[in-house]
Amino acid sequence: MRRRSLDLRLWTPATVLALVVLACFAGPALLGPDGAQQALGERLAPPAWLAGDVDGKPLGTDAFGRDMLTRTLEGGRVSLQVGFGAATGAVVIGLLLGLVAGYWGGWWDRAIMTVADVWLAFPFLVIALAAVAVVGSDVPVLVALLTLGGWVLPTRVTRTIVQRVRSEDYVVAAAGAGASDLYLVRRHVLPQVLPANLVVWSFTVGALVVIEGALSFLGLGVKPPTPSWGNIVSDGTPYLETAWWVVAWPALMIVVTVMCANGLGTALRRRWQAGSRVLEASSELDKGVAP
């Protein structure tokens, strides 16, 4: 029964998150280009169940008469590209740096962890705002900035686990038998750190989707007319009392995405903790993700 409950807590958020990704990337193409076109005669039309169907626009329209369903899905495509891309980049960088710091130690360890500590001392959002003001806020720029903001946690998690695995008897015995460092890392270390980094990646996705939404809400993310969940919410705030649906749908998608990403990370952590001691080595996971 406990295993079945754990499987349900794992597959439910994973399935919902997969559906969100599929809808955002495939939905606009299936709905066609008409939903993104302006139709001022239908501006701020309510959802279908409130005032009758709006000719193929069941979730209502925004201040320019654009279909909120199409616009929300198009905005999700941008937000998810930033969130997934930056989270993947941050975990890859953190995994490599953590392997070097944890396995080879010495001055490599001191140098990498000193840079990590110094990086955490600076307010990331201030650095991001300054960088956006200088180089712009296209999707690749946001991915690069948020990648730089999220590499510290996977680095610390990987380093902690690698230090523990390196001291295990079977690794010491393999090294004494003449196994190369590359073999030991590939055969014994990587299988131990990959599950933990997958958990970190899941939590990081949720955190970076929120950060991207905040930057876009403040006008520092992708620029209109390119939609993202954050700038759609920003565009809808003047009409919050009279046309709540302009804000509601992208905000709801942010909440669902973050809840599913965090729920997936929690379920993965519980599964691997139940079967091994790998994640017990990393108390850094309890601190959450805070680029």
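Residues numbered from 1 in each chain as written. Predicted model: local features only at pLDDT ≥ 70, side-chain atom pairs only at ≥ 80, totals over all residues. Heavy atoms only, no water.

## Quick look at the environment of Val 100
At step 1: Inspection of the secondary structure puts Val 100 in helix H3 (residues 68–104).
At step 2: Exposure remark for Val 100: the relative accessible area of 22% places this residue in the partly exposed category.
At step 3: Spatially, the C-alpha atoms of Val 100 and Val 162 are 9.1 Å apart, while their sequence positions differ by 62 residues.
At step 4: Beyond its immediate sequence surroundings of up to four residues, Val 100 is in contact with Gly 105, Trp 108 and Ile 112. (Helix = DSSP H or I, 4+ residues; strand = E, 2+ residues; numbered from the N terminus. Buried < 20%, exposed > 50% of the residue type's maximum accessible area, 1.4 Å probe, protein only. Contact = heavy atoms within 4.5 Å.)

## As for a nonpolar patch on the surface
At step 1: A contiguous nonpolar patch, built from Trp 49, Leu 50, Leu 240 and Trp 244 and spanning about 450 Å² of accessible area, is present on the exposed surface.
At step 2: Structurally, Leu 240 can be placed in the loop between helix H10 (229–236) and helix H11 (245–275). (Patch = residues over 30% accessible without salt bridge, like charges linked within 9 Å, V, L, I, M, F, W, Y side chains within 5 Å. Areas by Shrake-Rupley, 256 points an atom, 1.4 Å probe, with all protein chains shown as cover. Salt bridge = Lys/Arg side-chain N within 4 Å of Asp/Glu carboxyl O.)

## Considerations on the UniProt feature "transmembrane region" (unreviewed entry) in the chain
At step 1: This chain's UniProt record puts "transmembrane region" (unreviewed entry) on residues 78–104, 111–133, 196–222 and 242–264.
At step 2: Within the segment residues 196–222, helix and strand shares are 81% and 0% respectively, and the terminal C-alpha atoms sit 32 Å apart. (UniProt positions renumbered as here; feature names shortened; annotations may be inferred.)

## What to know about H3
At step 1: Between its terminal C-alpha atoms H3 stretches 53 Å, which fits the 54 Å expected from 37 residues at 1.5 Å a residue.
At step 2: The N-capping residue of H3, defined by a side-chain oxygen 3.2 Å from the backbone nitrogen of Leu 69, is Asp 67.
At step 3: Where H3 terminates, the next one or two residues include Gly 105, which has phi positive at roughly 60°. (Expected span 1.5 Å × (residues − 1). Polar contact = N/O pair within 3.5 Å; in protein donor to acceptor, adjacent residues only side chain to side chain.)

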